[in-house]
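Close look at the chain arrangement
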Amino acid sequence: MSMFASLGKKPTDTNYPFPAWPAHIILVIEDALRLASKSAESLLGGKAKLLVATEEQITASIQNTLHEILSDGTIVEGFTSDIFQSISRNESVEDYTGAYLDKQPDLTFKLVGQCKPHQGLYCECKILDKTHPVRNYLYDGLSRFVTGKYAWAMQHAHMIGYVRDQNLSPSKLTTYLTQNNKSEGKTHSDCLQIQGVPVIRPNDLVFTNHDRKFKLIRLSTKPDATPIAIRHLWLNI
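Described below are features of the structure shown in this document. Counting of residues starts from 1 at the beginning of each chain's written sequence and follows it residue by residue. Side-chain atom pairs in this predicted model are given and counted only at pLDDT of 80 or more, local residue features only at pLDDT of at least 70, and totals for whole chains, interfaces and linings cover all residues. Think of the side-chain values as coming from all heavy atoms in the structure, minus any hydrogens and water.

Some points on the overall build of the chain
Of the regular secondary structure elements, the chain holds six helices and seven strands. Each helix (α) and strand (β) of the chain, taken in turn from the N terminus, gives the series α-α-α-α-β-β-β-α-β-α-β-β-β. Each residue is placed in one exposure class: buried if its accessible area under a 1.4 Å probe, protein chains only, is under 20% of its type's maximum, exposed if it is over 50%, and partly exposed if it falls in between. Burial statistics for the chain: of 237 residues in total, 49% are counted as buried. Looking at the chain alone, contacts between residues at least 24 apart form 65% of all its contacts between residues at least 6 apart. Computed with a 1.4 Å probe, the accessible areas rest on the Shrake-Rupley method; for each residue, only the protein chains presented here act as cover. Here the chain has roughly 11,700 Å² of accessible surface; of this, 54% comes from carbon and sulfur atoms. For the purposes of this entry, the term helix denotes a DSSP run of H or I that reaches at least four residues, the term strand denotes a run of E that reaches at least two, and both are numbered from the N terminus. We call two residues in contact whenever any of their non-hydrogen atoms come within 4.5 Å of each other.

Now the structure itself:
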């Protein structure tokens, strides 16, 4: 049989979801993100400018620093070019239906040797302050993973909060999600319902797991989407 015999056919179900990334790789990425966020103030021209910077400006500064860390190869242990292939910003991807071709997660990490479409660690970034509440973080951010706009072929992804209000902490997120489980279903989609209780890891991290209520219609047997695990990394900038 020709090696090109499968071209143009729907992918087989055995390819999806892609395997979860090893825990030590995830932890390395989080360490690099924490370090890169500390440079945002100087790159953007000082604290005053950081406090009015847009999400895109902050993300761009963090991406630039991540590239410097990756290029050096010695600043964050394990964050090296023999493991990580690329760190892209606003890379266009298709949603789970294939009808929308220009969905743009804020940051995407790719490992060396992983070249398949929709395979990567996708991160959505949101400012958190008095004018950017947790509600926006959830319904304009987290929901994109749960509804299949991003990372529909992955088992996990990241939400990154840029915290500009020191009164906010991950405990606020766990409180909101717990309340959401009880009340939001009356007026909103239940896409943010969580399985179990949010788990706090380090002080800046919360872990949640979400059902996804759609079918992978691009696959031959149209299976149900698997749940997705989200690590919420909140960076004080």
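That shown, we press on.
Things to note about the packing of aromatic side chains
When the centres of two rings from Phe, Tyr and Trp lie within 6.5 Å, Trp using its six-membered ring, the rings pair. Their planes under 30 degrees apart give stacked, over 60 give edge-to-face, and anything left gives tilted. Taken as a whole and assessed by the stated rule, the structure comprises six aromatic pairs. Consider the rings of Y137 and W234, whose centres lie 5.6 Å apart with planes at 75°: the pair is edge-to-face. Separated by 97 residues along the polypeptide, Y137 in helix 5 (residues 134–146) and W234 in strand 7 (residues 228–236) bring together distant segments of the chain. The exposure class of W234 is buried, given its relative accessible area of 3%. When the centroid spacing of 5.7 Å and the interplanar angle of 75° are considered together, the rings of F145 and Y150 count as edge-to-face.

What about the state of the cysteines?
Covalently bonding the sulfur atom of one cysteine to the sulfur atom of another cysteine gives a disulfide. For this text, the term disulfide refers to a pair of cysteine sulfurs within 2.5 Å. Counting across every chain of the model gives zero disulfides. Between C123, a cysteine without a disulfide, and C125, which holds the nearest cysteine sulfur, the sulfur-to-sulfur distance is 6.3 Å. The exposure class assigned to C123 is buried, which follows from its relative accessible area of 0%.

Looking at the pairing of strand 3 (residues 121–128)
In summary, the side chains of a regular strand alternate between the two faces of the sheet. Of all eight residues that make up strand 3, eight are buried, and the element is covered over most of its length. Two strands are counted as paired when DSSP detects at least two bridges linking them. Here strand 2 (residues 107–111) runs beside strand 3; their pairing, made up of three bridges, is antiparallel. Looking across to strand 3, one finds that T108 is bridged to Y122. Pairing analysis gives six bridges linking strand 3 to strand 4 (residues 156–163), with the strands arranged parallel. The residue of strand 4 that forms the bridge with C123 is H158. Crossovers are marked right-handed if the path from the first strand over the helix to the second runs clockwise, as seen with the strands pointing away from the viewer. In this fold, strand 3 hands off to helix 5, which returns the chain to strand 4; that crossover is right-handed.

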